[in-house]
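Single-letter residue listing:
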Amino acid sequence: MNKFLVTIVALFLLLIAAFNLLLKPRRIVSQIAKIEKDIGVRIGVYALDTSNNNVIEYRAEENFPFQSTFKVIAVAKLLKQSEANQNLLKKKIKIQEEDILSWAPVTKNNIGKSLTLEDLASAAISHSDNTATNLILRELGGPQEITQFAAYLGNKSFTLKHYEPELKSNPNKEMDVSTPKDMALSLYNLLLGDKLGLDTRSKLLSWLRNSKTGSEKVAAALSDNWMVASKTGSGSYGVSNDLAMVWSTNCKPIILSIYTMQNTEKTQCM
């Protein structure tokens, strides 16, 4: 496990302990700052305990490249449109060989076949399939439509400019970014708020719970009695992100976002 994955797990354990043990936010912030200094990355954190509305935040209103965590908002936009068009998710899209990108674990096995938009949405969230994501973006009208939907969710910092795999991780580019706070609250509004109907919310939650890319991040820090719904994102410049909701039989949901980045491009994260 590389140092960025270790950081995500360590931060998550720290945040859970903070809420369970009622540690003072100032103490937690100082520990996050130490981790940040020790590994040489910039860290953004926003965590909300829905049982009491306690919040822990660190650089929560600074922009970070969101990479694949944006797929939650893109798929939610599709789900929202399906509430007004009950046949939308059943629409079939033919998978063309020229559409296949390097990370396409679902769509690469269906070249020449047709998948429904619901199939593509599941692939985009649970498997982070980039080809599936691009096909959804095209159906919805492009990146600008996702940015507008993010604003509908209350996320004013979100700006998506590119299709996969052209999303920017460069800290000097103010594009394909959002803040940890805005991303966490967007997830809250989608899973616990009223921005989606019950059926579409359930679909999104199910796909997030079935994530195949988060087992080494937030899920790795949890015991078996905890449930996780998460979406990861990674890229150059030390980008290693996790956007998640976690809960157990004894604890109400905790919404959290953890974003990392550095100033040099050489480090690649999975």
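What comes next is a walk through the structure. In this text, all values refer to a predicted model and were calculated from it rather than measured experimentally.

Basis of the calculations
Residues numbered from 1 in each chain as written. Predicted model: local features only at pLDDT ≥ 70, side-chain atom pairs only at ≥ 80, totals over all residues. Heavy atoms only, no water. Buried < 20%, exposed > 50% of the residue type's maximum accessible area, 1.4 Å probe, protein only. Helix = DSSP H or I, 4+ residues; strand = E, 2+ residues; numbered from the N terminus. Pairing = 2+ DSSP bridges. Axes fitted to C-alpha atoms, helices over the stretch in contact; angles between N-to-C directions. Contact = heavy atoms within 4.5 Å.

1. Overview of the pairing of strand 9 (residues 254–261)
Inference 1: With eight of eight residues buried, strand 9 is to be regarded as a mostly interior element.
Inference 2: Here strand 9 shows two buried faces, one formed by Ile254, Leu256, Ile258 and Thr260 and the other by Ile255, Ser257, Tyr259 and Met261.
Inference 3: Pairing analysis gives eight bridges linking strand 1 (residues 42–49) to strand 9, with the strands arranged antiparallel. Each residue of the ladder has a partner; that of Leu48, found in strand 9, is Ile255.
Inference 4: One ladder, built from five bridges, connects strand 8 (residues 239–248) with strand 9; its direction is antiparallel. Across the sheet, Asp242 pairs through a bridge with Ile258, a residue of strand 9.

2. Points about the sheet that holds strand 8
Inference 1: Read across the sheet, five strands follow the order 2-1-9-8-7 without closing on themselves; strand pairing throughout is antiparallel. The two strands at the open ends of the sheet, each matched to only one other strand, are strand 2 (54–58) and strand 7 (226–235). Here the strands of the sheet are splayed against their neighbours by 5° on average, with no regard to which way each runs.
Inference 2: Packed onto the sheet, helix 8 (residues 198–209) meets strand 7 and strand 8 and runs at close to 75° relative to strand 7.

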